[in-house]
Amino acid sequence: MNILTELEQHIIIPVVVLNNAADAAPLGDALVAGGLPVAEVTFRTAAAAESIKTMAERGDILVGAGTVLTPEQVNQAVDAGARYIVSPGLSAAVVEQCRKRDVPVLPGAVTPSEIQQALELGIKTVKFFPAGTNGGASAIKALSAPFVDVSFVPTGGVSPDNLADYLAVPAVRAVGGSWMVPGKLIEAGEFDTIIDKTANAVELAHSLRSTTATEG
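Sequence order as written defines residue numbering, which begins from 1 separately in each chain. Given that this is a predicted model, residues contribute local features only at a pLDDT of at least 70 and side-chain atom pairs are listed and counted only at 80 or more, while totals for whole chains, interfaces and linings are drawn from all residues. Where side-chain values are given, they derive from all heavy atoms of the structure, hydrogens and water being excluded.

Quick look at the overall build of the protein
Point 1. What counts as a helix is a DSSP run of H or I of at least four residues, what counts as a strand is a run of E of at least two, and both are numbered from the N terminus. For the protein, the count of helices and strands is 10 helices and 8 strands.
Point 2. A radius of gyration in this sense is built from C-alpha atoms; the matching globule rule multiplies 2.2 Å by the number of residues raised to 0.38. For the protein, whose C-alpha radius of gyration is 16 Å, the value lies close to the compact-globule estimate of 17 Å for 216 residues.
Point 3. Its C-alpha atoms give the protein principal-axis dimensions of about 45 × 40 × 30 Å.
Point 4. Residue exposure (1.4 Å probe, protein chains only): buried if accessible area is under 20% of the type maximum, exposed if over 50%, otherwise partly exposed. Taken across its 216 residues, the protein has 50% of its residues classed as buried.
Point 5. Here the analysis covers contacts within the protein between residues at least 6 apart in sequence; of these, 58% occur between residues at least 24 apart.
Point 6. Carbon together with sulfur atoms contributes 50% to the accessible area of the protein, which is approximately 9400 Å² in total.
Point 7. The positive charge centre, built from 14 side chains, and the negative charge centre, built from 23, are 5 Å apart in the protein. Contacts between residues were defined by any pair of non-hydrogen atoms, one from each residue, lying within 4.5 Å. Residue burial considers only the protein chains on display, and all accessible areas are found by Shrake-Rupley using a 1.4 Å probe. Under the convention used here, Asp and Glu are negative, Lys and Arg are positive, and both His and the chain ends fall outside the count. Where a charge lies is defined by one atom per residue type: Lys uses NZ, Arg uses CZ, Asp uses CG and Glu uses CD.

Following this line, the structure appears as structure tokens:
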């Protein structure tokens, strides 16, 4: 099974911002306990690489790096153990470095031109970000008509309230979200609450996807 297929099976990719690498271990425990052993650790903080390393060394979490902007960050993330890369925009340099490091990449693309550029780079699954301010599920549905071979991972503004809308679009492969791993709970050490939020998110996502599959 390839990594993109694994992400698709998880349905939700927790988007994690860690300011303290010491929180990576208990957060990993919480995600696994909640039934969602996957994480996109963003490169927005100095603790990112060490946090990825901590999670990756467990061996039971599919860890990726998000907010990757440069080829150098690709190297840092992969060296730390990241198994996939997520970028907010479409950078040929980042895509090429991921190819050199043999790691899948989800570049950001929200316009027809960006999607065509992604296809020219050999990318058929893109991050749709920020989803909430770029038309949401209806925009993805419209884009999927001309781009029949492209799948999307919407991130940014995805929540339990609109998750059903996104998962109802056949072109949506998975979604990225942070509602089950809010920074305030991580910093407060409230990992039991994160377990509950994660378990609820997993239950909702699988219920919605089953409903969508039945209706389809």
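Some remarks on the packing of aromatic side chains
Point 1. Whether two aromatic rings pair depends on their centres lying within 6.5 Å, for rings of Phe, Tyr and Trp, where Trp uses its six-membered ring; planes under 30 degrees apart make the pair stacked, over 60 edge-to-face, and the rest tilted. Tallied over the full model, the rule gives 1 aromatic pair.
Point 2. When the ring of Phe128 is compared with that of Phe152, the centres are 6.2 Å apart and the planes differ by 80°; the resulting orientation is edge-to-face. Here Phe128 is found in strand E6 (residues 125-128), whereas its partner Phe152 is found in strand E7 (residues 151-154), with 24 residues between them in sequence. The pair Phe128 / Phe152 is uniform in exposure class, with both members buried.
Point 3. As a reminder, the over-ring test applies to NZ of lysine and CZ of arginine, requiring each to be within 6 Å of the ring centre and within 35 degrees of the ring normal. One Lys or Arg, Lys127, reaches over the ring of Phe129 and ends 4.4 Å from the middle of that ring.

With respect to the pattern of salt bridges
Point 1. Throughout this description, the term salt bridge denotes a Lys or Arg side-chain nitrogen within 4 Å of a carboxyl oxygen of Asp or Glu. Counted by the stated rule, this structure contains 8 salt bridges.
Point 2. The salt bridge partner of Arg99 is Glu96, with a shortest N-O separation of 3.6 Å. Linking Arg99 with Glu96, this pair stays in helix H5 (residues 92-100), spanning 3 residues, or about one helical turn.

Regarding the environment of Val175
Point 1. Among the secondary structure elements, Val175 is positioned in strand E8 (residues 175-177).
Point 2. A sequence separation of 132 residues divides Val175 from Phe43, and the C-alpha atoms of the two residues are 19 Å apart.
Point 3. If we skip the residues at most four places from it in the chain, Val175 touches Ile11, Ile12, Ile13, Val153, Pro154, Val158, Leu163, Tyr166 and Leu167.

A few points about the packing of helix H2 (residues 24-33) against helix H3 (residues 48-56)
Point 1. For the pair H2 and H3, interaxial distance at closest approach is 9 Å and the crossing angle is 45°. Overall, the two elements H2 and H3 adopt an arrangement that is oblique. Our pair here, H2 against H3, has a crossing hand that is right-handed. On H3, the residues that touch Ala24, Ala25, Leu27 and Gly28 of H2 are Ser51, Thr54 and Met55.
Point 2. Each residue is assigned to one class: nonpolar for Ala, Val, Leu, Ile, Met, Phe, Trp, Tyr, Cys and Pro, charged for Asp, Glu, Lys and Arg, and polar for all the others, Gly among them. Looking at the contact of H2 with H3, its residues break down into 4 nonpolar, 3 polar and no charged. Note on geometry: axes are C-alpha line fits, over the in-contact stretch for helices, and angles between N-to-C directions span 0 to 180 degrees. To sort the angles, those under 35 degrees are grouped as roughly parallel, those over 145 as roughly antiparallel, those from 65 to 115 as roughly perpendicular, and the leftovers as oblique. Working rule for handedness: look at the near helix, and if it is turned counterclockwise from the far one by less than a right angle, call the crossing left-handed; if clockwise, right-handed.

Points about the nonpolar core
Point 1. One finds Ile12, Leu27, Ile85, Phe152 and Leu163 to be the most contacted residues of the largest nonpolar core, which totals 74 residues.
Point 2. For this core, the element with the most residues is helix H10 (residues 191-215), which contributes 6 residues.
Point 3. When near neighbours in sequence (up to four residues on either side) are disregarded, Ile85 contacts Ala65, Val68, Ala77, Val78, Cys98, Val103, Pro104, Val105 and Leu106. Definition used in this section: a nonpolar core is a set of buried Ala, Val, Leu, Ile, Met, Phe, Trp, Tyr and Cys residues joined via side-chain atoms within 4.5 Å.

Let's talk about the packing of helix H4 (residues 71-80) against H5
Point 1. Across the interface, H4 lies against H5 with an axial gap of 8 Å and an inter-helix angle of 35°. The two elements H4 and H5 cross, and the hand of that crossing is right-handed. Across the interface between the two elements, Pro71, Val74 and Asn75 of H4 pack against Ala93, Val94, Gln97 and Cys98 of H5.
Point 2. Of the residues contributing to the contact of H4 with H5, the split by class is 5 nonpolar, 2 polar and no charged.

Focus on the environment of Ala205
Point 1. The topology assignment puts Ala205 in helix H10.
Point 2. Ala205 gets classed as buried once you look at its relative accessible area, which sits at 1%.
Point 3. Leave out the neighbours within four places in its chain, and Ala205 touches Ile11, Ile12, Leu163 and Leu167.

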